[in-house]
Amino acid sequence: MKDLKKIFVPYESIDSKFLPQTTKFTSKYLINGKLGEWHGDLHQVISPIFTAEDDEHGHIVGTYPKMGTKEAMAALDAAVQAYNHGYGEWPAMSVAERINCMRKFVLMMKEQRDEIARLLMWEIGKSLQDSYKEFDRTVGYINDTIEAMKDLDRSSSRFTISEGILAQIRRAPLGVVLCMGPFNYPLNETFTTLIPALIMGNTIVFKPPKLGVLLLTPLLNAFREAFPAGVVNTIYGRGKEVITPIMESGKVDVLAFIGSSKVADVLKKEHPHPHRLKCVLGLDAKNPAIILKDADLDTAVKETLLGSLSFNGQRCTALKIIFVHEDIAESYLQKLSEAVENLTIGLPWEDGVSITPLAEAGKPDYLTEMIADAVSKGATVVNPNGGKRYKSLFFPAILKNVNETMAVFREEQFGPIIPVVTFKDVDEPLNYVIGSNYGQQASIFGKDSQQIAHLIDILVNQVCRVNVNAQCQRGPDIFPFTGRKDSAEGTLSVSDALRVFSIRTLVATKGTDLNKEIFTEIVKDNKSKFLNTDFIF
Ligand code: G3H
């Protein structure tokens, strides 16, 4: 492994193509169709990347407005006004017109690809390759959403007749959506709720995560140009000052939040009419891998390595605990240790890098404490460089002999520690899953179809995706993504997301001659945007 102290280099020596170009010290925000220049207090954006000149903290890449309650309420009012009880220009627009606005947005967004990738690297330490992947996946998600929206509209472009009643059933928007994404996928996961909410005709207030703010600023102009005023509004600042008053106002119809269940619970309680608030939540997880006695070790090592350490383990879908059968535990650990030791730790733009600076300032201390707690209770760090650290760099640690007395057994580490538990009887990992507060996904590794089938049948009622001989993951994005217990509320996928941000609404009439004539005239002369049989090609 390289000397960690040599990884951070002088600022001047960094190739300018990896440096953010336009948003240095940005202080822009978007409210009610206006790109405001902020003159109040600013929040410094401190990168997890240090340069040789930075000592105490990472490099300062910019600033964003430290807004207060007044500005947050102005953003909310703009969204409420743009929705205007469903009479606003945006919710009242035809689906085809909304799709055209979204197309315009995505074209403008594509122009910002390089700058957004650079900001992803500097704000959250994501590798260049993964930053581009996040960007491209998001563009793909928007294009797929447009197609799914067309399909949904086409299937609603007909009348249904039953028991003498004829009706047209469509999906209508819900109102004002408050969108908040997580720091690990600040673009992608924010957009997996924001885009479907938008295209369904809702209006938006969105707050970027506490890390990963600047990378959204190159898109503010695209939001402004592509959508009517007030349809998308941004707020920044401390949750207590900007989110609590918005929730307490009771004017938020949908809360789309990806983060911790603790914060989600607080936010939901702040709303004065909980039954009116719809929630779409992506929350905590502690996905286990269960490696059976007959598992193909190379596959198990490859997939658990990727599953635990992609983006330094900072994925909600990451494998966060590994259960391995005692007969193969030693060989598995040896192979896994070799694979981990071969990983390259370095700066996000280095070729072949997989371990990069950790986004959260307190994370290396937290991980070190977690390892110390486990070691003091009988665990051992398997790989020679496991847990070595310098500033924001932390080399992944594999822990063996993990048991239920240790914090790492139940806590979601969200970082590069791989806890390994040895089992004799498969009921041990199954009981772990049953007793867990989380229920997102699980992975099984093995060859015996009988045993795998038995595990599948138990696990499908505990988690929402069972991966066989593969790591846990969200994608492909057309697959449903959800969880049980403290892991999620609502289901997201390209098509499911259109459903969660809308409600089925119908127009019905008794099939008398007069009513048929009225409906025919409305449809023939295109008098209504809802009661309409237009087919979008
Ligand atoms: O952090 C959660 C992300 O949705 C994970 O997505 O599994 O496709 O990397 P992914």
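Here is what the cut-offs are and how they apply
- Residues numbered from 1 in each chain as written.
- Predicted model: local features only at pLDDT ≥ 70, side-chain atom pairs only at ≥ 80, totals over all residues.
- Heavy atoms only, no water.
- Domains from an automatic or database assignment.
- Contact = heavy atoms within 4.5 Å.
- Buried area = accessible area lost by both parts, 1.4 Å probe.
- Salt bridge = Lys/Arg side-chain N within 4 Å of Asp/Glu carboxyl O.
- Polar contact = N/O pair within 3.5 Å; in protein donor to acceptor, adjacent residues only side chain to side chain.
- Helix = DSSP H or I, 4+ residues; strand = E, 2+ residues; numbered from the N terminus.
- Buried < 20%, exposed > 50% of the residue type's maximum accessible area, 1.4 Å probe, protein only.
- Pairing = 2+ DSSP bridges.
- Axes fitted to C-alpha atoms, helices over the stretch in contact; angles between N-to-C directions.
- Parallel < 35°, antiparallel > 145°, perpendicular 65-115°, else oblique.
- Left-handed = near helix turned anticlockwise from the far one by under 90°.

Domain boundaries assigned for the protein yield domain 1 (15-282) and domain 2 (287-482). For domain 1 and domain 2, the distance between their C-alpha centroids amounts to 31 Å. Each partner contributes to the interface: domain 1 provides 23 residues, whereas domain 2 provides 20 residues. Here domain 1 meets domain 2 over a buried area of about 1,900 Å², counting both sides, of which 63% is carbon and sulfur. The interface formed by domain 1 and domain 2 contains 3 salt bridges. Summed over the shared surface of domain 1 and domain 2, the result is 8 residue pairs in polar contact (both at pLDDT 80 or more). Put simply, the parts of the chain that give the side of domain 1 that touches domain 2 at least two residues each are helix 4 (113-124), helix 5 (128-155) and helix 6 (188-199). If one sorts the elements of the side of domain 1 that touches domain 2 by residue count, helix 5 sits on top with 4 residues.

Here the structure, examined in full by the defined rule, presents 29 salt bridges. D373 serves as the salt-bridge partner of K377, at 2.5 Å between the closest nitrogen and oxygen. Its relative accessible area of 19% is what places D373 among the buried residues. Between D525 and K527 there is a salt bridge whose closest N-O contact spans 3.9 Å. Taking the relative accessible area as the measure of exposure, D525 reaches 41% and is therefore partly exposed. Taking relative accessible area as the criterion, K527 reaches 55% and is therefore assigned exposed. Among the charged side chains, a network of salt bridges with common partners joins R137, E189, R474 and D477.

Between G475 and the following residue, P476, the backbone shows a cis peptide bond with an omega angle of -10°. The phi dihedral of E163 falls on the positive side, at around 50°, and the residue is not glycine. With respect to the helices and strands, the residue E163 is situated in the loop between strand 5 (160-162) and strand 6 (165-173). Positioned with a positive phi, K485 is a non-glycine residue whose angle comes to about 50°. The class of K485 is partly exposed, set by a relative accessible area of 38%.

Turning next to the sheet that holds strand 5. Ordered in space as 5-6-24, the 3 strands form an open sheet in which the pairing is antiparallel. A single partner strand is all that each edge strand has here, and the edge strands are strand 5 and strand 24 (502-510). Pairs of neighbouring strands in the sheet enclose a mean axial angle of 35°, with direction left out of account. Pairing analysis gives 9 bridges linking strand 6 to strand 24, with the strands arranged antiparallel. Each residue of the ladder has a partner; that of R171, found in strand 24, is R504.

Let us now look at the packing of helix 5 against helix 6. In helix packing, the relevant descriptors are the interaxial angle and the interaxial distance, both defined with respect to the helix axes. At a closest axis distance of 10 Å, the pairing of helix 5 and helix 6 adopts a crossing angle of 20°. Relative to helix 6, the element helix 5 is oriented roughly parallel. Relative to helix 6, helix 5 is oriented so that their crossing is right-handed. For the pair formed by helix 5 and helix 6, the contact residues are E134, R137, T138, Y141, I142, T145, I146 and M149 on the first element and N188, F191, T192, I195, P196 and I199 on the second.

Across the sheet, 6 strands lie side by side as 9-8-7-10-11-23; this open sheet has mixed pairing. Since the sheet does not close on itself, it has two edges, and those belong to strand 9 (232-234) and strand 23 (488-489), each with one partner. The sheet contact formed by strand 8 (residues 203-207) and strand 9 spans 3 bridges and is parallel. Looking at strand 9, one finds that F206 is bridged to T234. Running over the sheet, helix 6 touches strand 7 (176-180), strand 8, strand 9 and strand 10 (254-258) and is turned about 165° from strand 8.

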